[in-house]
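Each chain, letter by letter, is given below.
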Amino acid sequence: TLSGDLGTGKTQLVKSLMLQLHRAGHANRGFTPKFLIFDYKGDYTKDDFVESMDATVISPKNIPLNFFDSGSLDTGVVDPAVERARFAFDTFKKIYGGLGPVQQMNLRTAIKEGYKVARGAGRRAPTIYDVCNEYSGIVKGKPDSMLAILSGLVDQRVFEKDDTKIQTL
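The structure contained in this document is the topic of the report that follows. Everything numeric in this text was worked out from a predicted model, so none of it was measured.

1. What about the environment of Met53?
Within the fold, Met53 resides in helix α2 (residues 47-53). Spatially, the C-alpha atom of Met53 lies 15 Å from that of Leu13, the residues being 40 residues apart in sequence. Other than its neighbours up to four places away in sequence, Met53 contacts Met18, Leu19, His22 and Phe35.

This is the structure in structure tokens:
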């Protein structure tokens, strides 16, 4: 978390770090890192930054990413479902706040079950739709902060549902 008063350069620092990491892919085992930014203020969508990063700007509708599937996560990780659950919970908690250990445990269980369902269907990882369905089953459809977040993402079609259009993160 980066904090500071307005106009102190937080955004410029992050943009500079991203650009340096982007340009130094050769020094990172030949791998240029990818970034996903939810830019509600438009700081990262200015033409000069987008061009320098070779970035793609997409609207928050049918985003063709599945953050439960990192593509190469299976190598060196004991359980990809647990790692993705940690990542997802940390992300949701930072964006929405107010999530506690019950939601964390339920989300971990939903993601693990989502991986079982996805693999049973011949897919590498679950989608947000799978995880929302599993989470809803765990809480038996009763109102819950995490269920509200997941169902909101599903209802608003923030992430793409068609597996053939989804990319790994």
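We are not done yet, so read on.
2. Some points on helix α4 (residues 101-120)
The end-to-end C-alpha distance of α4, which contains 20 residues, comes to 29 Å, matching closely the 28 Å that a straight helix rising 1.5 Å per residue would cover. Every buried residue of α4 is listed here: Gln103, Asn106, Leu107, Ala110, Ile111, Gly114, Tyr115 and Ala118. Its buried side turned inward, α4 meets α3 (80-96), α5 (128-138) and α6 (145-155). At the C-terminal side of α4, Gly122 shows a positive phi close to 80 degrees.

Scoring rules and cut-offs
- Residues numbered from 1 in each chain as written.
- Predicted model: local features only at pLDDT ≥ 70, side-chain atom pairs only at ≥ 80, totals over all residues.
- Heavy atoms only, no water.
- Helix = DSSP H or I, 4+ residues; strand = E, 2+ residues; numbered from the N terminus.
- Contact = heavy atoms within 4.5 Å.
- Expected span 1.5 Å × (residues − 1).
- Buried < 20%, exposed > 50% of the residue type's maximum accessible area, 1.4 Å probe, protein only.

Any functional reading would require information beyond the geometric quantities listed.
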